[in-house]
Each structure stands twice: as structure tokens, then as C-alpha cells.
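Chain by chain, the residues:
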Amino acid sequence: MRPAENLNDLIKKLQLKASADLDTRVHDDISEALAGHEKKQSVRSEPKIWRIIMKGKTAKIAVAAVILVGVLVLTNVFVETNKSVVLAGVLEKVEQARAFSYKVEMTMTGDMRPGGERVIQTTMVISNEYGIKGETTMPDPKTGEIISTQMYVLPDQKVMLSLMPQQKKYMRVELDEELLARMKKQNNDPREMVKQMLDCEYTELGRTVLNGVEADGFETTDPKISAGMAEDVSVKLWVDVETWLPVLWEVEMKMNDQMSTHGVVSGFQWNVPVAASDFEPVIPEDFTSMIDDGYKMPSMTEESALEGLKLFADMSGQYPKKVDMISLMREFTTFNAEARAKLRDEIKQKEREQGVMKEATTRMLEKMRPIQSLALFYSTLVQDGKEPVYYGETVGPDNANAVLMRWKISDGQYRVVFGNLLTSDVPAEELAKLEKFSIDSGNKSPSITEEAALEDRDKSSAIDYYNRGDAHYFNGEYDQAFSELTKAIEIDPRLARAYVTRGQAYNDKHKFDLAIADFTKVIEIEPAKTSAYNDRGMAYGNNGEYDLAVADYSKAIEIDPLVAEPYRGRARVYYYKGEFDKAWKDVYQAQALGHPVGSKLLEKLRKASGRD
Amino acid sequence: MFQAWKNGSLMLQDKLLILKFNRGDLGALHGVYEKYKDDLVTLAAALLTDVSAAEDVVHDVFVSFIESSRKFRLTGSLKGYLATCVANNARNRNKSQRRRSAAVKDEMHSAGADSTNPEFTAAFGEELSRLSGALARLPYEQREVLILHSYSGMKFRTIAKQQGVSINTAQGRYRYALDKLRSMLNGEARK
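Residue numbering note: each chain is counted from 1, following its sequence as written. Each chain gets a letter, beginning with A, and each ligand a number, beginning with 1, in the order they are written. In view of the model being predicted, local features appear only for residues whose pLDDT reaches at least 70, and side-chain atom pairs are presented and counted only at 80 or more, with totals across whole chains, interfaces and linings using the full set of residues. As a rule here, side-chain values come from all non-hydrogen atoms in the structure, and water together with hydrogens is ignored.

Asker: Explanation requested: the overall build of chain B in the structure shown.
Answerer: Assigned secondary structure in chain B consists of nine helices and zero strands. Put simply, chain B runs from its N terminus to its C terminus through helices and strands in the order α-α-α-α-α-α-α-α-α. Relative accessibility thresholds used throughout: buried, under 20% of the residue-type maximum; exposed, over 50%; partly exposed, between the two (1.4 Å probe, protein chains only). By residue count, 50% of the 191 residues in chain B fall in the buried class. We call two residues in contact when some of their heavy atoms are within 4.5 Å. Considering only intrachain contacts with a sequence separation of at least 6, the fraction spanning at least 24 residues in chain B is 67%. The numbering of helices and of strands both runs from the N terminus, where a helix is a DSSP run of H or I of at least 4 residues and a strand a run of E of at least 2.

Asker: Would you explain the overall build of chain A in this entry?
Answerer: Tallying secondary structure elements over chain A gives 21 helices and 17 strands in all. For chain A, buried positions account for 50% of its 612 residues. Put simply, of all contacts in chain A between residues at least 6 apart along the chain, 54% involve residues at least 24 apart. As presented, chain A carries roughly 28500 Å² of accessible surface, and 49% of it is formed by carbon and sulfur atoms. Accessible areas in this description were obtained via Shrake-Rupley with a 1.4 Å probe; residue shielding takes into account the shown protein chains only.

Asker: Would you mind going over the pairing of strand β6 (residues 169–174) of chain A with me for this structure?
Answerer: Moving residue by residue along a regular strand, the side chains alternate between the two faces of the sheet. Residue and element names in this part refer to chain A. Here strand β5 (residues 159–164) pairs with β6 via six bridges, running antiparallel. Residue pairing for β6: Met160 is matched across the bridge by Val173. Strands pair, by our definition, only if DSSP identifies at least two bridges between them. Between β5 and β6, which follow one another and run antiparallel, lie four residues, and Lys168 among them has a positive phi close to 55 degrees. Strand direction decides the pairing type here: β6 and strand β12 (residues 288–289), joined by two bridges, are parallel. Its bridge partner being in β12, Lys169 is matched across the sheet by Thr288.

Asker: Explain the packing of aromatic side chains to me, please; I cannot follow it from the model alone.
Answerer: Centre-to-centre distance and the angle between the planes together describe a pair of aromatic rings. Residue and element names in this part refer to chain A. Each Phe, Tyr or Trp ring, with Trp reduced to its six-membered ring, pairs with another whose centre is within 6.5 Å; inter-plane angles below 30 degrees give stacked pairs, above 60 give edge-to-face pairs, and intermediate values give tilted ones. Counted by the stated rule, this structure contains 10 aromatic pairs over all chains. Through a chain of ring-to-ring contacts, the aromatic side chains of Tyr546, Tyr575, Tyr576 and Phe580 assemble into a single cluster. Any Lys NZ or Arg CZ found within 6 Å of a ring centre and within 35 degrees of that ring's normal is scored as a charge over the ring. The ring of Tyr465 is capped by Arg468, whose NZ or CZ atom sits 4.9 Å from the centre of that ring. Seen from the ring of Tyr478, Lys509 lies directly overhead, with NZ or CZ sitting 4.6 Å from the centre.

Asker: Hey, could you run me through helix α18 (residues 546–559) of chain A in this one?
Answerer: The periodicity of an α-helix, 3.6 residues per turn, causes residues three or four positions apart to be oriented the same way. Look at α18(A): 20 Å from first C-alpha to last across 14 residues, which is about the 20 Å you get at 1.5 Å a residue. Of the positions making up α18(A), those classed as buried are A:Ala549, A:Val550, A:Asp552, A:Tyr553, A:Ala556, A:Ile557 and A:Ile559. Expected span of a helix: the number of residues minus one, times 1.5 Å.

Asker: Looking at this structure, I do not really get the packing of helix α17 (residues 530–542) of chain A against α18(A). What am I missing?
Answerer: How two helices sit against one another is set out by the angle between their axes and by the gap between those axes. Residue and element names in this part refer to chain A. Two elements in contact, α17 and α18, have axes whose closest approach is 8 Å; the angle formed by their N-to-C orientations is 165 degrees. The orientation of α17 with respect to α18, classified from their angle, is roughly antiparallel. Seen from above, α17 lies across α18 with left-handed handedness. For the pair formed by α17 and α18, the contact residues are Thr530, Tyr533, Asn534, Arg536, Gly537, Met538, Tyr540 and Gly541 on the first element and Tyr546, Leu548, Ala549, Asp552, Tyr553, Lys555, Ala556 and Ile559 on the second. A class-by-class count of the residues in the contact of α17 with α18 yields nine nonpolar, four polar and three charged. In this description, a line fitted to the C-alpha atoms serves as the axis of each element, helices being fitted only across the stretch in contact, and the angle between N-to-C directions of two axes falls anywhere from 0 to 180 degrees. Relative orientations are named as follows: roughly parallel for angles under 35 degrees, roughly antiparallel for angles over 145 degrees, roughly perpendicular for angles from 65 to 115 degrees, and oblique for any other angle. Left-handed describes a crossing whose near helix is turned anticlockwise from the far helix through less than a right angle; right-handed describes the clockwise counterpart. Residues are grouped as follows: nonpolar covers Ala, Val, Leu, Ile, Met, Phe, Trp, Tyr, Cys and Pro; charged covers Asp, Glu, Lys and Arg; every other residue, Gly included, is treated as polar.

Asker: Help me understand the pattern of salt bridges, please; the structure alone is not making it clear to me.
Answerer: All names here are of chain A. What counts as a salt bridge is simple: a side-chain nitrogen of Lys or Arg found within 4 Å of a carboxyl oxygen of Asp or Glu. Across all of its chains, the model carries 25 salt bridges over all chains by this definition. Residue Lys577 is joined to Asp547 by a salt bridge in which the shortest nitrogen-to-oxygen separation is 2.6 Å. Of this pair, Lys577 sits in helix α19 (residues 565–577) while Asp547 sits in helix α18, placing them 30 residues apart in sequence. A residue is classified by how much of its surface remains accessible, and Asp547, at 55% relative accessible area, is exposed. Each of the salt bridges in this network shares a partner with another, and the network as a whole consists of Asp547, Lys577, Glu579 and Lys582.

Asker: Where do I start with the pairing of strand β11 (residues 260–270) of chain A in this structure?
Answerer: When strand β1 (residues 99–109) of chain A meets β11(A), the two strands line up antiparallel, connected through nine bridges. Its bridge partner being in β11(A), A:Thr107 is matched across the sheet by A:His262.

Asker: Help me understand the packing of helix α16 (residues 512–525) of chain A against α17(A) in this model?
Answerer: Residue and element names in this part refer to chain A. Running from N to C, α16 and α17 point in directions that differ by 160 degrees, and their axes come no closer than 9 Å. Between α16 and α17, the crossing angle belongs to the class labelled roughly antiparallel. In terms of crossing hand, the pair formed by α16 and α17 is left-handed. Between α16, through Phe512, Ala515, Ile516, Phe519, Thr520, Val522 and Ile523, and α17, the contact on the second element is made entirely by Ala532, Tyr533, Asp535, Arg536, Met538, Ala539, Tyr540 and Asn542. Among the residues forming the contact of α16 with α17, the class breakdown is 11 nonpolar, two polar and two charged.

Asker: Looking at this structure, how should I read the confidence of the model for chain B?
Answerer: Low pLDDT means the predicted coordinates in that region are not meant to be read closely. Residue and element names in this part refer to chain B. For every residue, the predictor reports its confidence as pLDDT, a number between 0 and 100. Summing up the model confidence of chain B, the mean pLDDT is 75 and the portion of residues at 70 or higher is 71%. The spread of mean pLDDT over the elements of chain B runs between helix α1 (residues 9–22), the lowest at 62, and helix α7 (residues 140–151), the highest at 92. Here residues 1–10 is a poorly scored stretch, pLDDT under 50, and it has 29 contacts once near neighbours within four places are set aside; other chains count. Here residues 104–114 is a poorly scored stretch, pLDDT under 50, and it has four contacts once near neighbours within four places are set aside; other chains count. As scored by the predictor, the complex reaches a pTM of 0.41 and an ipTM of 0.83.

Asker: In this structure, what is going on with the environment of A:Tyr588? I would like to understand it.
Answerer: Residue and element names in this part refer to chain A. Tracing the sequence through the fold places Tyr588 in helix α20 (residues 580–592). Residue classification places Tyr588 among the partly exposed positions, given a relative accessible area of 38%. For the pair Tyr588 and Arg568, spaced 20 residues apart in sequence, the C-alpha to C-alpha distance is 9.0 Å.

Asker: How should the side chain of B:Thr42 be read in this particular structure?
Answerer: Note that B:Thr42 resides in helix α2 (residues 28–48). Looking at B:Thr42, its side chain comes within polar contact range of the main-chain oxygen of B:Asp38, at 2.6 Å. If we skip the residues at most four places from it in the chain, B:Thr42 touches A:Leu14, A:Gln15, A:Leu16, B:Phe124 and B:Tyr151. Within 3.5 Å is the distance limit for a polar contact, defined as a pair of N or O atoms, with the added protein rule that one can donate a hydrogen and the other accept it, and that residues adjacent in sequence qualify only through two side-chain atoms.

So, in C-alpha cells, the structure goes:
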């Protein structure tokens, strides 16, 4: 028998050389892209939010979210009213249907790559008694394979359940009263759909024949109908003149320059037979949950929306420019890594306090929840015709008394959210005054003091110093690195990464005391960071302070037991302390976590402990 | 006093490449390719047991890297990112290949029991030809875990996610792969 280590070592020896042919192919492609890139550098495109979402592990969640949002939007279109004789009759007819089904085909353009297209097909069954059931098929963004998803909304249990048979995964999400009421109202009651259309400005398209059915058409381009999701929207509804039931609903939405969606809802069947058992999904035993049970959908309350604004401002120092779902999510993904890492650390810290470690997906979803709440809340305001106006492009957290957002609560009364996130109800006349101030202030930003502006400029120059220092360090130019990094720290004494790099540079130069001091500073600034303890553990170890090193590595492991690096570091310190059993244990742990342990350390450890 | 230990200046070098890349400096890709090409070709070849397919994989990965350069920001480890891209690309290739060969020869086993590619085993030189031959006889999923873990140093957690299986399953595949490899190598040695 050969020990596993030998085979592993053998595998590591595998080494091929890339052929000259491959070299030419790749370098040529890069140079070609480079030439093209320089030509059109001015038209730097924005990141494609859908592409980013669909690529990662969040893909299926995003699909579910798209479906949910789609359901909210799509089904907003049939309506109750006396504006039109035909539609009034439609309502009566539709009211009698206990259960009905329809098909949705959405063609999304530009979500994967410019010009690329994806088709999502859904069959919906809606029962007044039991709930909603939908089957969706769409191509996997990575492989192009068709994946299917079953979705249920079960009002009695207050849950939304999605099953993904190919992946053997499921997702169970609790719905709160408000969301449920909204979904119930909108989905179980086709009157809501027509109502929304007739609440908008619409035109009559006259009569035509669709699949042998004579139908009257109506069209609206009122932005209200897309609940603020699209820049341009056009919705057409065709109604059977004989039965007065909807036969076709068509929506064209342009999200932005690159993305658009074409949706067709057709194949309506009224009074389809349904049984309770159709709405009793069974989760096969070998399916695993994508998220922790008990996960709740983002709520749509004012409170959660304010939380979203606050979170956004905490992360980026400003409010989102727009608050519709697409723009908001796009802005969110352009946040820098530092802001995201900070948020992740905060969430982990909270989890530790509560004594729970969550699934990564759940964590990600929870992170984004207040932001989604903000978009959902805004879209409900649009849908409910409350005339929301949002001034995020001009009003920031510093404009304490400027109007950030407002909407109508009753005739002549408005609710206002100010730049400091306090709220107030004001009559229309006062709103006009406040808003004038808000719009003016946006242009000149008078409430940002010069001091604050100076501070902002300083912060960005601190980062410039840091970047230069980092580059010098990488090039081995230690003196320049020290001076740039020290300058960065002088300007912004809380710039943790400047301490990290300077600490590493001190460590390289065997100035362990100074390295330890820098890493200690990092821990002060970011107490929840595994890597900070790991770094200081390394410096303590190098300084011969083994007990302190072990304590730091252990702390790093306590913060995140799944990171391998500290185990490897601690193994090394245990080796120097002569505690070989403990050293081996950490070596195995590091290896189990997929981190190779240096062959020199292994060799020394084997020799010293007499094991292999 | 032992030699002071560093937290990997390699990682800092990558950080700089990523920084340049995220600022839209595509020229950084020449360096990225030069730095990782051999490792990536080896990884792809070990996964697919086919050297020319491996080069195609690496080419594909860089092409999509170039295409997407202005659409996303790189975070995390560059090497890990590239290895993941190669693994995904290789997996898809293997899948479609299996589908094709299943369509042509329905009765034959898809895992390529007798289809070891001599060009592949020769590529690694004499010393490793037995190992590469044995690798080629492992089922794809097992070989994938083994190579990603042992060669690329990827965590089981990461591999499991990519394969869409539990960590236990991934570790199980790893153990099976090692056991099989061991018995194949010992078996041949005894011959």
C-alpha cells in the first residue's frame, strides 16, 4: 500500500508545457481585444447585473426572485372598472372562475451578453381555494441545458416553495402577511390585473382575430404598469368579444440600453379542474435545502425600506441613485469589495452573537434583504398609485433636511423621508416648499460642509497612497512602500488594509514588533477578521512568542473554523513548541480543508515525531 | 531562529494583476496567461485525459475572460478563479462528449474503460506514464475531485459546490479515486 501522501506528491509532479500554438492563440486574442478596447474605451459598459447574478451560486435564488417579481408584475394587468363596457363584463366572467391557468413566455434580451437571448417559459395554475402553482423552464446560464423549477405559493401555510428536480434542491420561503395578502389579491383575482390597466392611461386598439377568436384590444404605455421596473413599457391586452375573457396579454419592457424583456401571457383556461392534492408538494427525501429553513421574504414595509436606505448608505456613503429593482441591484453589485467584505464581517459577527452559522446562500440573501425591501416597497407605492418620487441622485446622507423620497398618503397629504431618514407627514403646500429646497440643495449641496468634503478628498488620497504603497511592496521596494503606506495611515488612520500591507512588509524585514503593532491595529479596526489574527499569529510566531501565536491562530479558527491557513500556521508553531501531536492534528485539519502544508514543515515534523 | 515566514507575496502579485484588470487594463492578461498557462493546461489535460482538448479549454477560458473583462470585477484568488473556469469548461466538454459518444455507441461504457489516449500518457514522460494511464481509467467525477484537490489545492467545500454534491460525497469520491489509483498502480507493479 502506498500512503495517500505519496500519490498526492506524484500527482503534483504532473506538469505539461503550454504549446507555442496555444501561446500564439491566446496572446493574439488578448492583443486583438486590447486594440478594440482602446478604440471604444469611452463606452465602458456597466456590469450586467443579471449575468452576475445568474453566474453565481445565487442563480436559482435569483430565478425564484425573478419569478416572484414577475408574478407581482405580470399579474397586475386585468382590471375592474366601469370605464369600459367590455372590461366590466370581463370582470364578471372572471369572478366566476374558481381556478384558471395560463402560460407565460418571457424572452429576455441582453441579460447574459449583449444581444444574447433567453427564453423562460412558465405554466401557471391559480386556484382561489388552494394557491398558486407554476412550472418554469429556462436554459442554464452556464451550460445552456434546460432546467425546470416548480413553484408553489401556499396561502394556508404562508410559504412559497420552489423545487429544482435536476439539482435535487428546494427552497422554502416564509411569506409575511402583507406580502401574502398582496400576492393573494393580485394572483387569485384577475380583476386586479385588468384594474391596473384601466387605472392607467390606455387606448383602444380595435378588433382583431387571434387564433380564430375575435378580440378587442387595449394598450397602455403608462410606466405605472411596470411598477417602476422599466424605462419604457408597453402592455397590450386582448379580450375575447364572445366570452369577454382575456385571450392574450403582451408586455414589452425596456429596462435599460442593454436589457429588455418581451412577455406573452396566453393559453388562458378558465374553470380548470383542480384538486387539493395538486397543491400539496412533496419534497423528496434526497433533496436538500438551498437556504436555511424559516427564511423570510423581504418585507415591503416602510420600516424595512428605510433599513435598506440606511444599509446602502452605510456601505457606500450615499443613497442609491434609483430605487427600482433593476437599477438598485446593479448599483449594489458595483460596490467595492471592501464594502462588501465589511458587510460580510458584520453579518458573521451578528451570527456569532446569536450562536448560529448559516448557509452561505442564506447569509447572502439576508445581506441583500433590506435592499430588496426598498425596491419592493417602492414598487408597491408605484402600483398603488401613490405617486412616489425619489431624489437619490441629488440627496445624500449629509443633506439632513432635504426630501429624499415622498409619496401620497391621502388627498393633499404626503409622507416624506428626509436625508437623515427621519419621516414626517406634510400637506401638499408644505411639500412643495420642502421639495424646492431639496431639488436646489441637490444642485449645490449646501449642507455638505467644506470640512466633510475635505475629509472625502483625504480618504480618496489615502487610498491612492495605499495603492502605490501596495505596488511598491509587491515590487520589493520596501523603502518606498513604507513611506507611502505610512502616509496613507496618517491621512486615514482607520485604513485597515494599509496596516495589513505595512505589517507584512515589517514582517518581511524581520521587524516583528512593528509588524505585531500594525496587525494589532487591524484587529482594533476590524475585530471580526480571521486574517488579522492569522497575520498577527504569524508575526508572534516569527518573534518566538509561541503562546501568543497559538492564541491568535486559535482565535482566527474560532472566528471561521473553515479557513485552513491558521491551522497550518498553528501546526508550525506547535512544531517549534515540540508539541508534535497537536501539530499533526492541525496539519490534517489544514489538509482536510484543502490547504497544502509545506513539504519542508512536513519533513521536519516527520523527522521530529518519527511518524509518516 | 528560523527563516521568517511570509504570507505569500505571490498573492500580492495576483492582487496587482487583479487591480489592473479591474481598472480595465487588459494588457495585464498577457501576464496572467504567462504565469498560469502551464498549470492550467496540465489541470485541463489531467481532467480530460486529452492534451489537445486541454489546450482548447485553456484557450476558451481566456477568450471568455477577455470577453467578460469589462463586465465583472475579480475578487478573491486569481489562480482559484482560473482553475474553477478550467474545471467548469472541462466538465461541460466531458458531458457533451459523453452525450455524443453515447449516441454513437450505445452499448459501450461512457467512462472510457479502454479508451486511454496514448498521446496523453506519453505527454507526462516515462516516470508518470503509469500514473496518467491509471488516472485516465477513473470515472470523470472521481478524477475531477482528486485532481482539483491534490493538484490545484482546491477545498472539498469548493469542489462539492461545483459538482453540485455534498462535501461528504466529494470526499467519498476522493477516497474512492485514491483507492482505485493505488490498486491499479500496485496491480500493474505486480505484473
